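This is what each chain is made of:
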Amino acid sequence: MSKLSLTINGAPRELEVEPGDTLLDTLRELGYHGVKRGCEAGTCGSCVVLVDGEPRFSCILLSATLAGASVTTVEGLGSPERPHPIMQAFAEEAGVQCGYCVPGMVLSTKALLEEVERPTEHEVKEALDAHLCRCTGYVKQIKAVLRAADLVANVDGGVGGGATTKKEVG
Amino acid sequence: MPELKALYQPGTLAEAQSLLEEHGERARPLAGGTSLVLSKSAKVEVLVDLSRVGLDRIEDGPGPGELRIGAMVTCSALRRFLAARPPTALSDAAGSVGSRVLQNHVTVGGNCVMVYAWSDLPVVMLALEGTFEIQRRAAAGEDTRRSLAADAFFSGHPTRSLAEGELVVAVNVPGPGSGQGSAHLKFCRNAADQALASASVRVELDQGVVRQARVVVGAVRGLPQLLSETSDSLLGKEPDAQNLSMAADLAGREAKVSADFKASAEYRTQLVTTIVEDTLSLALSRAGGNQ
């Protein structure tokens, strides 16, 4: 066991981890069950979380490498009572059926909208290309991301209907 | 990683190399981890994480337009860096490795050293005549560096040709010269699938004639293959549809392909023909705009 300091959903945490623990294991043991266990091979996207703002497969990331990192799970974005606009868009556009893939998709959407305020449909497809969904056929989820862009822009006080703009990313 | 006992996060390359030396056979350097973390090998007891040793920079290399890309630069960092420049085989590949999320994990060094049949960057490195900077910590504590051309680096599997204690610290990729264009394409069954065939091509046009060509195919057998006959067949020719089609047919005959449960040898050969023609065509159109 070794000590690990990192931030999860904005809160500083001191953890004890084994060298082989994946971030997926660590987060689920802490009760972040929005992080789903799927293929465990970096393919299906259900375990995706944000690490320093970037979507990463938590199933192939060793927790011990994340000293000082900032991790965001879907729980960090909103709750059923106070959903994030991205969650709201997924619900309104019926982008959720069984829901297993959705936390990962919501987080990849968050990263996309940080980088591109008004993504094109092609950019949305690229941003979701790591996420397998066996229910919906993706059409409604792509619509959900486009709607999320509208909602987020309005929440942030941004102007709608503009061209794609890229923000600085690290 | 069933037997993993320790993970180190050194802050310098020298420290990382000392740790690897100290733990010898039981230790492995950790880059993006996409192959290593999934490894069920019981031999790996110690991991030395290279993410904090300063190998994550992209700099100008010594040659014109040349880039020196740190071994720990991720595909997404490379994709973003190259986004403002004219497209090349390198930018094509950086943006097509696995999925967008995987590109946040996979490193340039890791993708080349741990080359799988379907890996993209090794194919590009061969086509663009990249070189690898390899560093070794000598017993006396003095570092020695050597540079290895991609042809030599991929003549066998790099994990076997690197000597004990040697680490790839950077790759150098020459910039596109005047009249040159390059492209990388691959064929997958879906957006995030492993390629069934890929091709990287660099061509140079001079007064409407092909002066130089390097045609490399990947994903059809264990390691990427430079197709010398196919490349040479284009020299001195006009890049018209008939010549491209002839080169593509020759590529289908020259490439050695393997069969597996995803594709028969005949099918892969057909894919090689198609993808070489498409990639040549794209590289030539880029070369045309760079004269």
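Conventions adopted
Residues numbered from 1 in each chain as written. Chains lettered and ligands numbered in written order. Predicted model: local features only at pLDDT ≥ 70, side-chain atom pairs only at ≥ 80, totals over all residues. Helix = DSSP H or I, 4+ residues; strand = E, 2+ residues; numbered from the N terminus. Rg over C-alpha atoms; globule rule 2.2 N^0.38 Å. Buried ≥ 20, exposed ≤ 12 C-beta atoms within 10 Å, placed from the backbone. Contact = placed C-beta atoms within 7 Å. Domains from an automatic or database assignment. Nonpolar A, V, L, I, M, F, W, Y, C, P; charged D, E, K, R; others polar. Core = buried A, V, L, I, M, F, W, Y, C linked by C-beta atoms within 7 Å. Axes fitted to C-alpha atoms, helices over the stretch in contact; angles between N-to-C directions. Parallel < 35°, antiparallel > 145°, perpendicular 65-115°, else oblique. Left-handed = near helix turned anticlockwise from the far one by under 90°. Pairing = 2+ DSSP bridges. pLDDT = per-residue confidence, 0-100.

**Considering the overall build of chain B**
Part 1: Regarding its fold elements, chain B presents 11 helices and 12 strands.
Part 2: For 291 residues, the compact-globule estimate of 2.2 N^0.38 gives 19 Å, and chain B sits close to it at 19 Å.
Part 3: Of all 291 residues assigned to chain B, the portion counted as buried reaches 51%.
Part 4: Contacts in chain B between residues far apart in sequence, at least 24 positions, make up 65% of those at least 6 positions apart.

**Some words on the overall build of chain A**
Part 1: On a plain count of helices and strands, chain A comes out with five helices and five strands.
Part 2: Taken over C-alpha atoms, the radius of gyration comes to 16 Å for chain A, in line with the 15 Å a tight globule of 170 residues would show.
Part 3: Along the first, second and third principal axes, the C-alpha atoms of chain A reach 50 × 35 × 30 Å.
Part 4: Residues counted as buried form 45% of the 170 residues belonging to chain A.
Part 5: Taking as baseline every contact in chain A between residues at least 6 positions apart, the subset at least 24 positions apart corresponds to 62%.

**A closer look at the interface of chain A and chain B**
Part 1: Taken together, the 23 residues of chain A in the interface contact 22 residues of chain B.
Part 2: For the side of chain A that touches chain B, the secondary structure elements donating two or more residues are strand 4 (54-57) and helix 4 (121-127) of chain A.
Part 3: Per-element tally for the side of chain A that touches chain B: the top contributor is strand 4 of chain A, with four residues.

**Overview of the domain arrangement of chain A**
Residues and elements named next belong to chain A.
Part 1: Splitting chain A by domain gives domain 1 (2-76) and domain 2 (85-155).
Part 2: A per-element tally of the side of domain 1 that touches domain 2 places strand 3 (residues 48-51) first, with three residues.
Part 3: Tallied by class, residues from the side of domain 1 that touches domain 2 come to eight nonpolar, five polar and two charged.

**Structural notes on the domain arrangement of chain B**
Part 1: What the domain assignment lists for chain B is domain 1 (6-47), domain 2 (58-173) and domain 3 (180-288).
Part 2: Once you take the C-alpha centre of each, domain 1 of chain B and domain 3 of chain B turn out to be 37 Å apart.

**Things to note about the environment of B:Ala287**
Residues and elements named next belong to chain B.
Part 1: Structurally, Ala287 can be placed in helix 11 (residues 265-288).
Part 2: Judged by local crowding, Ala287 falls into the buried class, with 28 C-beta atoms found within 10 Å.
Part 3: Each C-alpha atom, one on Ala287 and one on Glu204, is 6.4 Å from the other, the two residues being 83 residues apart in sequence.

**Section: the nonpolar core**
Residue and element names in this part refer to chain B.
Part 1: Core analysis: the biggest nonpolar cluster contains 138 residues, and Val217, Ala251, Val272 and Val276 have the highest contact counts within it.
Part 2: The leading source of residues in this core is helix 11, at nine residues.
Part 3: Contacts of Val217, omitting those with residues within four sequence positions, involve Ala197, Ser198, Ala199, Pro224, Gln225, Leu227, Ala251, Ala255, Val272 and Val276.

**A short note on the packing of helix 2 (residues 85-92) of chain A against helix 5 (residues 139-155) of chain A**
Residues and elements named next belong to chain A.
Part 1: At a minimum axis distance of 8 Å, the contact between helix 2 and helix 5 shows a crossing angle of 140 degrees. It follows from the interaxial angle that helix 2 and helix 5 lie oblique. Crossing hand, helix 2 versus helix 5: right-handed. Side by side, helix 2 and helix 5 meet where Pro85, Ile86, Gln88, Ala89, Phe90 and Glu92 of the first sit next to Ala144, Arg147, Ala148, Leu151, Val152 and Val155 of the second.
Part 2: For the contact of helix 2 with helix 5, the residue count by class is nine nonpolar, one polar and two charged.

**Structural notes on the sheet that holds strand 1 (residues 6-8) of chain B**
All names here are of chain B.
Part 1: One open sheet holds the three strands; their spatial order is 1-3-2, and the pairing between them is parallel. Of all the strands in the sheet, just strand 1 and strand 2 (27-30) have a single pairing partner and so form its edges. Sheet twist, expressed as the average angle between the axes of neighbouring strands with direction ignored, equals 20 degrees.
Part 2: Packed on one face of the sheet, helix 1 (residues 13-23) meets strand 1, strand 2 and strand 3 (46-49) and runs near 155 degrees to strand 2.

**Overview of helix 2 of chain A**
Residues and elements named next belong to chain A.
Part 1: Every buried residue of helix 2 is accounted for by Pro85, Ile86, Met87, Ala89 and Phe90.
Part 2: The inward-facing, buried residues of helix 2 abut helix 3 (102-115) and helix 5.
Part 3: Count one or two residues on from helix 2 and you reach Ala94, which has phi positive near 55 degrees.

**Considering unusual backbone geometry**
Part 1: Notably, A:Glu40 is not glycine yet its phi reads approximately 55 degrees, a positive angle.
Part 2: Considering the arrangement of structural elements, one finds A:Glu40 in the loop between helix 1 (23-29) and strand 3.
Part 3: Even without a glycine there, the phi angle at B:Ala219 is positive, about 70 degrees.
Part 4: Positionally, B:Ala219 belongs in the loop between strand 11 (209-218) and strand 12 (225-226).

**Remarks on the environment of B:Ser91**
Part 1: Along the polypeptide, B:Ser91 turns up in helix 3 (residues 89-94).
Part 2: Here the alpha-carbon distance between B:Ser91 and B:Ala248, two residues 157 residues apart in the chain, equals 23 Å.

**Some remarks on the sheet that holds strand 3 of chain A**
All names here are of chain A.
Part 1: The strand order across the open sheet built from five strands is 2-1-5-3-4, with neighbouring strands paired in mixed fashion. Each end of this open sheet is capped by a strand with a single partner; those strands are strand 2 (11-17) and strand 4. Here the average twist between neighbouring strands, direction ignored, is 40 degrees.
Part 2: Pairing geometry for strand 1 (residues 2-8) and strand 5 (residues 70-72), over two bridges, is parallel. Among the inter-strand pairings, Ile8 is bridged to a residue of strand 5, identified as Val71.

**Some thoughts on the pairing of strand 9 (residues 180-187) of chain B**
Regular strands have side chains that alternate between both faces of the sheet.
Residue and element names in this part refer to chain B.
Part 1: Taking burial as the measure, the eight residues of strand 9 include seven buried ones, the bulk of the element.
Part 2: Direction of pairing for strand 9 relative to strand 10 (residues 197-206): antiparallel, over a ladder of eight bridges. Bridge pairing links Gly181 to Val203 in strand 10.

**Remarks on the confidence of the model for chain B**
It should be kept in mind that the predicted coordinates are not to be read in detail where pLDDT is low.
Part 1: Put simply, chain B has an average pLDDT of 93, and 97% of its residues get 70 or more.
Part 2: Quick note on the complex model: pTM equals 0.93, ipTM equals 0.92.

**Details of helix 2 (residues 75-82) of chain B**
Part 1: Listing the buried residues of helix 2 of chain B in full gives B:Cys75, B:Ser76, B:Ala77 and B:Leu78.
Part 2: Against strand 4 (58-60), strand 5 (67-70), helix 3, helix 4 (100-103) and helix 5 (108-113) of chain B lie the buried residues of helix 2 of chain B.

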